[in-house]
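Analysis of the macromolecular model
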Amino acid sequence: MAELKVTQSKDLTRVERVGAHSHIRGLGLDDTFEARNVSQGMVGQKAARRAAGIILQLIREGKIAGRAVLLAGQPGTGKTAIAMGMAKALGEETPFAMMAGSEIFSLEMSKTEALTQAFRKAIGVRIKEETELIEGEVVEVQIDRPAVAGAASKTGKLTLKTTEMETVYDLGAKMIESLGKEKVQSGDVIAIDKASGKITKLGRSFARSRDYDAMGPQTKFVQCPDGELQKRKEVVHVVTLHEIDVINSRKQGFLALFAGDTGEIRCEVREQIDSKVAEWREEGKADIVPGVLFIDEVHMLDIECFSFLNRALENEMAPILVVATNRGITRIRGTNYKSPHGIPIDLLDRLLIISTTPYSEEEIRKILDIRCEEEDVEMSEDARDLLTKIGHETSLRYAICLITAAALACAKRKGKEVEIEDISRVYSLFIDVKRSTQFLMEYQEQFMFNEVQEDDEAKAIG
Ligand SMILES: Nc1ncnc2c1ncn2[C@@H]1O[C@H](COP(=O)(O)OP(=O)(O)O)[C@@H](O)[C@H]1O
Ligand SMILES: [Mg+2]
């Protein structure tokens, strides 16, 4: 099961611009799950962070598969931020899949297929494999010049040694190519996977540390391996059920993982995979690693999706479901019934609810400081005070948006530091919701769809 390809797909997602939550590096908890005031990019919201930390611990102990958590609170109180913090704290091995409730409405696949894929992205399979390796220090790489120029297949010899033995291996064209790609030279310690032919450079042999000058400072030195050249090693890797589905379905195979264009996956494929995984588990070759599925803006799901979630949570291989919403009592999509958070009572009943509360001025100030640093923006104390006030009176998110805009205004006037004047300039250029609403009230006849509707659809908490 393509280990290499899977790690590559993870690397791709790590290439990230400065996004709305890029400053969040964890939940900022200490060993006793107490939330530190400011830590790992997280500020305040201590009770919710602590609760999220306890959920994490339960996940780590494998205690609560198939449970669900609801993050509820006003817009801009850090619900998504806390979910991102959970993802970071879980680390690389535990799968974390996230989607917005609205993402299930697509023409390419049915709602249930979209949800099934999301669930399977959040379930990992830890696979143990015994592989045969050849591990040794390169004594010599010798490539024969083809007798006729451009002759099809190159041949050569590779001499490897351990502290106890030395062997010469014949090389085919493919091995020569991968040796070239990895820039293997004599003095390198390498491992060759016998099944796949994959070559991994483990480092330079200590015996060669004298040639240090010729190498970069990053060069890693390792001992020349001892014992036999051929070794059996257990390798462990985690892939998600979704990755296994895609790799094994249809023609595109794993390439679809990069394109994100997976289409619908036939249920026979999934059935086969599930029974294969069950077999591996019985044989002790694999474990299930329940991860986290985070569905943001969960009120966008409709009654069919909620019913699917209810069922899916009962599956033996269910992940932890974390959902978030900023809605109060509102209509459940696809019905005429109202319910808290727009979530049906039977699902609500399963949820542990974590609520988030608005930030104090001091906390807003701290979050803005962190964002300034994250965006590499220099800002004067006065300007920070003003921005904090704006954040307190309008919204945190609006204030965060103004940082970037004010930095541009500052650059335009060739200033070094964002000053009050830059903040007030962008404050007048970009209006916040309150002012926008007031403006709409005054001029509403001039806009499209101008009836003011009875607001029963979307009422935020508070
Ligand atoms: N406690 C916090 N610590 C640091 N940054 C936060 C915190 N809460 C919110 N933020 C940041 O403020 C912005 C708005 O928060 P967000 O999580 O999107 O709110 P919500 O999802 O509740 O509407 C985001 O950029 C987020 O990263
Ligand atoms: Mg959010």
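A quick note: this is a predicted structure, and the numbers were derived from the prediction, not measured.

A separate point is the overall build of the protein. Counting its secondary structure elements, the protein contains 15 helices and 17 strands. Here the protein, with 462 residues, has 43% of them falling under the buried criterion. Split by element, the accessible area of the protein, about 26000 Å² in all, is 52% carbon and sulfur.

What follows is about the sheet that holds strand β13 (residues 292-296). Here five strands make up an open sheet; going across it, the order is β4-β13-β14-β3-β17 and the pairing parallel. One side of each edge strand has no neighbouring strand; the edge strands of this open sheet are β4 (96-100) and β17 (351-356). Sheet twist, expressed as the mean angle between neighbouring strand axes with direction ignored, is 20°. In the sheet, strand β3 (residues 68-73) pairs with β17 via six bridges, with the strands oriented parallel. If you follow A72 over to β17, its bridge partner there is S355. Its contacts with the sheet put helix α2 (residues 46-60) on β3, β13, β14 (320-325) and β17, and the angle it makes with β17 is roughly 150°. Contacting β3, β4, β13, β14 and β17, helix α3 (residues 79-90) crosses the sheet at an angle of about 145° to β3.

By size, the foremost hydrophobic cluster in this structure holds 28 residues, and its most contacted members are L293, I295, L301, F306, L309, L321 and I343. Elements represented by at least two residues in this core include exactly β3, β4, α4 (111-121), β13, α9 (303-312), β14 and α10 (345-348). Other than its neighbours up to four places away in sequence, L301 contacts G101, I104, I295, F306, L309 and R333. Residues Y359, I370, C372 and C410 belong to the second largest nonpolar core, which totals 25 residues.

For the rest of this paragraph, the subject is the site of ligand 1. Around ligand 1, a shell composed of 20 residues is seen, among which V43, K79, T80, Y359 and R397 lie nearest. H21 is positioned with one of its side-chain polar atoms (N or O) 2.8 Å from an oxygen atom of ligand 1. At 2.4 Å, a side-chain N or O of R397 approaches an oxygen atom of ligand 1. Protein contact buries 96% of the 550 Å² of open area that ligand 1 shows by itself.

So, about the side chain of H299. By the secondary structure assignment, H299 is in the loop between β13 and α9. A distance of 3.5 Å separates a polar atom in the side chain of H299 from a polar atom in the side chain of R327.

Calculation rules
- Residues numbered from 1 in each chain as written.
- Chains lettered and ligands numbered in written order.
- Predicted model: local features only at pLDDT ≥ 70, side-chain atom pairs only at ≥ 80, totals over all residues.
- Heavy atoms only, no water.
- Helix = DSSP H or I, 4+ residues; strand = E, 2+ residues; numbered from the N terminus.
- Buried < 20%, exposed > 50% of the residue type's maximum accessible area, 1.4 Å probe, protein only.
- Areas by Shrake-Rupley, 256 points an atom, 1.4 Å probe, with all protein chains shown as cover.
- Pairing = 2+ DSSP bridges.
- Axes fitted to C-alpha atoms, helices over the stretch in contact; angles between N-to-C directions.
- Contact = heavy atoms within 4.5 Å.
- Core = buried A, V, L, I, M, F, W, Y, C linked by side-chain atoms within 4.5 Å.
- Near = heavy atom within 4 Å.
- Polar contact = N/O pair within 3.5 Å; in protein donor to acceptor, adjacent residues only side chain to side chain.

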